[in-house]
Amino acid sequence: MFAGVQSALDPYGPYAAVIAEITWVLFIGGALIFVLVMALAGWALWRRPAWLAQDRAIVWGGIVFPLVALSALLVYTLARGTALDSRQPPFAQIRVVGQQWWWQVTYLGPQGEVDFITANEVHIPVGREVEVVLDTADVLHSFWVPNLAGKLDLVPGKQNRMRLAAARAGTWRGQCAEYCGGPHAQMAFFVVAEEEEAFEAWRAQQRRPARSSNDLFNARCAACHTVRGTAAAGTLGPDLTHVGSRVSIGAGILSNNTGAIAGWIASSQHIKPGNLMPSFREFSGEELRSLAAYVEALK
Ligand code: CUA
């Protein structure tokens with residue numbers, strides 16, 4: 001009933017589990033009080049019991065009860081919320097920079113140096129905690145993977161940090177949760193949790209430069225995109241070195257295949273109106289096919 005790849009009520013990690021528990025306690029607590037108040041209101045309307053009109057009923061039911069109930073829920077929430085504040089050293093640090101309207105994802109080494117850069121996809125090893133360092137290149141964004149953790153804003157001039165952890169392997173969808181202009185609703189990403197061996201293989205592959213270069217890509221796409229190991233070194237758009245290995249393109253909005261890539265290149269403004277990549281209508285069918293095949297093969 002609550003299952004889904006973007007559902008806070010379907011927790012897959014320790015942090016999301018705490019948040020889901022708090023959600024249910026508050027929801028059930030609120031529902032019980034609502035039912036009680038409605039029952040009393042019904043009783044008062046139909047039976048008009050005298051005791052409900054006395055000062056005592058108002059003091060106990062209208063002041064003491066809400067004070068005690070709300071204080072208890074507040075104390076519970078604050079106490080349980082401390083579990084969201086980890087003191088363990090993280091397994092890895094990942095810097096996520098929100099951009100209009102995509103996510104730059106940088107894996108950091110032990111000294112905080114850049115290990116490699118990717119986009120719109122975060123991989124984590126199962127059972128390990130990673131620290132996500134949140135920055136923005138422009139306006140406010142908000143990083144939210146409901147199945148794995150809470151929601152945290154990316155604030156200009158400030159670095160926020162949060163922990164991500166998954167108890168099982170899987171792929172979950174994250175979404176920008178703070179209106180950031182134009183295609184905000186189409187600013188998504190995926191988090192892939194995998195067993196440590198698969199994660200290390202992925203990480204080793206991401207570190208490598210691309211296997212091939214493409215003249216048309218370098219001539220027309222390199223002003224904005226980087227493909228490490230080639231002449232393409234633009235930084236305005238997502239790093240595409242291993243874009244072919246990602247779940248999605250366009251920041252979580254299209255599945256990744258040659259047809260979708262060709263469609264994205266030719267009419268990105270139709271697919272995601274207002275995004276900063278123009279639609280390239282000038283390519284011939286043959287050029288478009290060869291570009292899309294090149295991009296798709298960047299695994
Ligand atoms: Cu980024 Cu909304």
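Residues numbered from 1 in each chain as written. Predicted model: local features only at pLDDT ≥ 70, side-chain atom pairs only at ≥ 80, totals over all residues. Heavy atoms only, no water.

J.: Whenever I open this one, the packing of helix α5 (residues 258-271) against helix α6 (residues 285-296) confuses me. Can you help?
T.: Helix-helix packing is characterised by the crossing angle of the two axes and by the distance between the axes. The contact between α5 and α6 brings their axes to 8 Å, and the two run at 120°. Classed by the angle they form, the pair α5 and α6 counts as oblique. The way α5 lies across α6 gives a crossing that is right-handed. In contact with T258, I261, A262, I265 and A266 of α5, α6 contributes L288, L291, A292, A293, V295 and E296. (Axes fitted to C-alpha atoms, helices over the stretch in contact; angles between N-to-C directions. Helix = DSSP H or I, 4+ residues; strand = E, 2+ residues; numbered from the N terminus. Parallel < 35°, antiparallel > 145°, perpendicular 65-115°, else oblique. Left-handed = near helix turned anticlockwise from the far one by under 90°. Contact = heavy atoms within 4.5 Å.)

J.: Even after reading the chapter, I still don't get the sheet that holds strand β4 (residues 121-125), so can you show me in this structure?
T.: Whether parallel or antiparallel, the strands of a sheet pair through hydrogen bonds between backbone atoms. Strand order in the open sheet formed by five strands is β4-β10-β9-β6-β7, with mixed pairing between adjacent strands. The open sheet has two free edges, formed respectively by β4 and β7 (151-154), since each of these has just one partner strand. The sheet shows a mean angle of 25° between the axes of neighbouring strands, direction not considered. Relative to strand β10 (residues 188-194), β4 runs parallel, the two being bridged by five bridges. In the strand pairing of β10, H123 is matched with V192. (Pairing = 2+ DSSP bridges.)

J.: Even after reading the chapter, I still don't get the pairing of strand β1 (residues 92-99), so can you show me in this structure?
T.: Working note: regular strand, side chains alternate between the two faces of the sheet. Among the eight residues that make up β1, six are buried, leaving the element largely enclosed by the rest of the structure. Taken together, the seven bridges between β1 and strand β2 (residues 102-108) define a ladder with antiparallel strand orientation. Paired with G98 across the two strands is W103, which belongs to β2. Once β1 ends, the chain turns through two residues before running back antiparallel as β2. (Buried < 20%, exposed > 50% of the residue type's maximum accessible area, 1.4 Å probe, protein only.)

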